[in-house]
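# A look at the structure
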Amino acid sequence: MPDTRKRSSIWLQFKDFFFVLVLSLSQFRLHGSTGLRSGSQANFFPPLEDAMLPSGSFNNRMALITGGGTGLGRAMTATLSQLGAQCIIASRKLDVLQRTAEEISSQTGNKVHAVQCDVRDPQAVSQCVDQIEALTGLPDVIINNAAGNFVCPSERLSPNAWKTITDIVLNGTAFVTLELGKRLIQNQKGASFLAITTIYAESGSGFVVPSASAKAGVEALYKSLAAEWGRYGHRFNIIQPGPIRTKGAFSRLDPTGAFEKAMIDRIPTGRLGTPAEIANLAAYVSSNYASWMSGAVIRFDGGEYVSLAGEFNELRSVTPDQWKLLEAMIRKTKGS
Ligand SMILES: CCCCCCCCC/C=C\C=C\C(=O)SCCNC(=O)CCNC(=O)[C@H](O)C(C)(C)COP(=O)(O)OP(=O)(O)OC[C@H]1O[C@@H](n2cnc3c(N)ncnc32)[C@H](O)[C@@H]1OP(=O)(O)O
Ligand SMILES: NC(=O)C1=CN([C@@H]2O[C@H](COP(=O)(O)OP(=O)(O)OC[C@H]3O[C@@H](n4cnc5c(N)ncnc54)[C@H](OP(=O)(O)O)[C@@H]3O)[C@@H](O)[C@H]2O)C=CC1
């Protein structure tokens, strides 16, 4: 390579490295390196971490949680297990699942089973359900939580990138739901189905377009089945979480941490959600206390969605003195 081209390629690599470094350092300086980052108004809204439902609420009940080895799925599994459920967690990485299952079982005293399953593959899903039937019988609670996502400008997406995300999120949820739904119907057993989507399933969002499209499809699937399969004893509900720190989500959606402060600043409750909070909500929706709830779409986001939606919401930054001036200006227009 000629010297000038070599020098410019080294400079480009250095520039990329410098960009990431500056983003990471500014983030560290503003918020510290770890922990639940929050603004001062978060003091009004402290998260409660303990299980909300009475103990034993899930005694003699079986729950399947896809993606239950990590993040939010793990928290939901821990709560259901603590409340008496026998849980089955399913995803691709058996070692991760087994570690989580052992940790939760040893804390709650209730068995957690680990079953390997790639939800993109309908045959694997069918085999996974065979395994579940043999281990525990058909579940009473199904939580479709597994997902894949990354931020990427849409013009950079390959067909396989699109297919990978939509296969995990939409097809995966459909395969699990249809396989279990059919077998439950055959056995005349009702169940609670819950899908974890996200707030942008409703609004759409740039830079996560395969995820937004697939999550919107999941919502249509669950609302449709809520109408069709009530007659078989099935309930279908949806939780749309806002941002909750997990390694899986944050490492793929904000890898440098540079966008986090702006995100928290626009959340009216001034903080991220916690895994325990969504686990309590998922437990309630999946429990018999919610037996009249079906077809519901529950937004659980600290107010982020409405905050992003209202075009005047940025006026929060106007000070009382500035309001005096603005009001005077507006009042002067009387009669004009
Ligand atoms: C503004 C601040 C935001 C802060 C956080 C906000 C939080 C709010 C969150 C809201 C919603 C969240 C929704 C979520 O779903 S979060 C959960 C995220 N968790 C996961 O994604 C876990 C599982 N993910 C994975 O296993 C991988 O990331 C996977 C890529 C989705 C699948 O892995 P695998 O099957 O091994 O796929 P490949 O690596 O073979 O890739 C397939 C295909 O995709 C292309 N690709 C992969 N990564 C990227 C990328 N970053 N950019 C562009 N393209 C990518 C890859 O090249 C392959 O395509 P091809 O064969 O054409 O090369
Ligand atoms: N954290 C957040 O801020 C938000 C999260 N959500 C949603 O919450 C849910 C959980 O996300 P979160 O806990 O943050 O992220 P994680 O990355 O921790 O969870 C995703 C899980 O999906 C599993 N998974 C991925 N691909 C497959 C596959 N092909 N087959 C089976 N399982 C698969 C993964 O396990 P494995 O790798 O072993 O397969 C993993 O356990 C997702 O539905 C996500 O969209 C929604 C809004 C906000």
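Here, residues in each chain are numbered from 1, in the same order as that chain's written sequence. Each chain gets a letter, beginning with A, and each ligand a number, beginning with 1, in the order they are written. With the structure being a predicted model, the display of local features is reserved for residues of pLDDT at least 70 and the display and counting of side-chain atom pairs for 80 or more, all residues being used for whole-chain, interface and lining totals. To obtain the side-chain values, all non-hydrogen atoms of the structure were included, while hydrogens and water were left out.

On to unusual backbone geometry, then. Within the chain, Gln 188 stands out as a residue other than glycine whose phi angle is a positive 50°. Judged by its relative accessible area of 76%, Gln 188 falls in the exposed class. With a phi angle near 70°, Phe 207 is a residue other than glycine that sits in the positive phi range. Labels follow the DSSP assignment, with helices taken as runs of H or I lasting at least four residues and strands as runs of E lasting at least two, numbered in each case from the N terminus. Mapped onto the fold, Phe 207 is located in the loop between helix H6 (200–203) and helix H7 (209–228). To sort residues, take the accessible area from a 1.4 Å probe on protein chains only and compare it with the maximum for the residue type: under 20% means buried, over 50% means exposed, and anything in between is partly exposed.

Relative to each other, helix H4 (residues 122–135) and helix H5 (residues 159–186) sit at 45°, their axes nearing to 9 Å. Taken together, the axes of H4 and H5 lie oblique to each other. Read as a crossing pair, H4 and H5 show a hand that is right-handed. Residues Pro 122, Val 125, Ser 126, Val 129, Asp 130 and Glu 133 of H4 form the contact with H5, whose participating residues are Phe 175, Val 176, Glu 179, Leu 180 and Arg 183. When residue character is reported, Ala, Val, Leu, Ile, Met, Phe, Trp, Tyr, Cys and Pro are called nonpolar, Asp, Glu, Lys and Arg charged, and the others, Gly included, polar. Taken together, the residues that form the contact of H4 with H5 break down as six nonpolar, one polar and four charged. Between N-to-C directions, angles cover 0 to 180 degrees, with each direction set by a line fitted to C-alpha atoms, over the stretch in contact for helices. Here roughly perpendicular refers to angles of 65 to 115 degrees, roughly parallel to angles under 35, roughly antiparallel to angles over 145, and oblique to all remaining angles. Crossing chirality is assigned from the near helix's rotation relative to the far helix, an anticlockwise turn below a right angle marking it left-handed and a clockwise turn marking it right-handed. Two residues form a contact once any of their heavy atoms are found within 4.5 Å.

Think of it this way: DSSP has to see at least two bridges between two strands before they count as a pair. In spatial order, the strands read E3-E2-E1-E4-E5-E6-E7; together these seven strands make up an open sheet with parallel pairing. Both outer strands of the open sheet, strand E3 (112–116) and strand E7 (297–300), are each paired with one neighbouring strand and no more. Neighbour-to-neighbour, the strand axes of this sheet turn through a mean angle of 20°, independent of strand direction. Sheet topology note: the strand E5 (residues 191–196)/strand E6 (residues 234–241) ladder contains six bridges and is parallel. What sits directly across from Ala 191, in E6, is His 234. Along the sheet, H5 makes contact with strand E1 (62–66), strand E4 (141–144), E5 and E6, crossing E4 at roughly 165°. Packed on one face of the sheet, helix H10 (residues 275–286) meets E4, E5, E6 and E7 and runs near 165° to E6.

Okay, the site of ligand 1 next. Neighbouring ligand 1 are 23 residues, the closest being Arg 92, Asn 149, Ser 158, Asn 160 and Arg 252. Using the Shrake-Rupley algorithm and a 1.4 Å probe, accessible areas are obtained, with residue cover drawn only from the displayed protein chains. Across the complex, the protein chains shield 64% of the 1300 Å² of accessible surface that ligand 1 would expose by itself. Broken down by secondary-structure element, the contributors of at least two residues to the shell around ligand 1 are H5 and helix H8 (247–253). By residue number, the principal contributor to the shell around ligand 1 is H8, which donates five residues. For the shell around ligand 1, the residue count by class is 12 nonpolar, seven polar and four charged. We call a residue near a molecule or strand as soon as one heavy atom of that residue lies within 4 Å of the molecule or strand.

Our focus in this paragraph is H4. Because an α-helix completes one turn every 3.6 residues, residues spaced three or four positions apart along the sequence face the same direction. With 14 residues, H4 ought to run about 20 Å at 1.5 Å a step, and its terminal C-alpha atoms sit 20 Å apart, in line with that. The complete set of buried residues in H4 reads Ala 124, Val 125, Cys 128, Val 129 and Ile 132. Taken down its axis, H4 places every buried residue within 140° of arc, on the same side. Those residues of H4 that are exposed and angled more than 90 degrees off the buried face are Gln 123, Gln 127 and Ala 134. For H4, the secondary structure elements touched by its buried residues are E1, strand E2 (86–91), E3 and H5. Between the side-chain oxygen of the N-cap and the backbone nitrogen of Gln 123 there are 2.9 Å, and the N-cap of H4 in question is Asp 121. One or two positions beyond H4, positive phi appears at Gly 137, with a value near 85°. By definition here, a helix of n residues has an expected span of 1.5 Å times n minus one. Taken from the helix axis, the directions to the C-beta atoms give the arc we talk about. Two N or O atoms form a polar contact when they lie within 3.5 Å of each other; inside protein one atom must be a possible hydrogen donor and the other a possible acceptor, and for residues adjacent in sequence the pair counts only when both atoms belong to side chains.

Nothing here speaks to function; it is geometry throughout.
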